[in-house]
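So you can see what is in the structure, the chains are spelled out below.
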Amino acid sequence: MAHLVFDPDEQHDLRADARDLALTDPGVAYVLERIAAEGVDLEQCTDWEDLRLSIGRPARTEPAA
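Residues numbered from 1 in each chain as written. Predicted model: local features only at pLDDT ≥ 70, side-chain atom pairs only at ≥ 80, totals over all residues. Heavy atoms only, no water.

**A look at the overall build of the protein chain**
And then number 1: Each helix and strand counted, the protein chain has 3 helices and 2 strands in total.
And then number 2: Ordering the α and β elements of the protein chain from the N terminus gives β-α-α-β-α.
And then number 3: Whereas a compact globule of 65 residues would reach a radius of gyration of roughly 11 Å, the protein chain reaches 15 Å, over 25% beyond that.
And then number 4: Reported as C-alpha extents along the three principal axes, the dimensions of the protein chain are approximately 35 × 30 × 20 Å.
And then number 5: Expressed as a percentage of its 65 residues, the buried residues of the protein chain come to 12%.
And then number 6: A total accessible area of about 5300 Å² is found for the protein chain, and carbon and sulfur atoms account for 57% of it.
And then number 7: Between the centroid of the 6 positive side chains of the protein chain and the centroid of its 15 negative side chains there is a distance of 7 Å. (Helix = DSSP H or I, 4+ residues; strand = E, 2+ residues; numbered from the N terminus. Rg over C-alpha atoms; globule rule 2.2 N^0.38 Å. Buried < 20%, exposed > 50% of the residue type's maximum accessible area, 1.4 Å probe, protein only. Areas by Shrake-Rupley, 256 points an atom, 1.4 Å probe, with all protein chains shown as cover. Lys, Arg positive; Asp, Glu negative; His and termini not counted. Charge placed at Lys NZ, Arg CZ, Asp CG, Glu CD.)

Listed below in structure tokens is the structure:
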């Protein structure tokens with residue numbers, strides 16, 4: 001699968017958002033900084049629907065989505 005990386009402008013924007021959130025939401029700030037630095041390995045991502053099912057939520061139907 002692919003590895004998603006961000007161009008320098010996108011990295012700068014992600015890091016600026018991380019700085020803005022550092023005091024109020026450090027967990028999100030950490031994730032944004034890590035994504036800016038490392039990108040995203042799409043092979044390691046979990047599909048949203050699979051995640052919902054794994055925590056016991058019912059499957060979504062088209063109208064409910």
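**Observations concerning the side chain of R52**
And then number 1: Along the chain, R52 falls in helix α3 (residues 48-54).
And then number 2: Among residues more than four places away in sequence, those in contact with R52 are R57, P58 and R60. (Contact = heavy atoms within 4.5 Å.)

**Quick notes on the nonpolar core**
And then number 1: L14, A18, A29, L32 and A36 form the largest nonpolar core, which has 5 residues in total.
And then number 2: Breaking this core down by element, the ones donating at least two residues are α1 (8-21) and α2 (26-38).
And then number 3: Setting aside chain neighbours within four positions, we find L14 in contact with F6, L32, I35 and A36. (Core = buried A, V, L, I, M, F, W, Y, C linked by side-chain atoms within 4.5 Å.)

**Let's talk about a nonpolar patch on the surface**
And then number 1: Taken together, the side chains of W48, L51 and I55 make up a nonpolar region of the molecular surface, amounting to roughly 350 Å² of accessible area.
And then number 2: Within the fold, L51 resides in helix α3.
And then number 3: Among the residues examined, L51 registers a relative accessible area of 35% and is labelled partly exposed. (Patch = residues over 30% accessible without salt bridge, like charges linked within 9 Å, V, L, I, M, F, W, Y side chains within 5 Å. Salt bridge = Lys/Arg side-chain N within 4 Å of Asp/Glu carboxyl O.)

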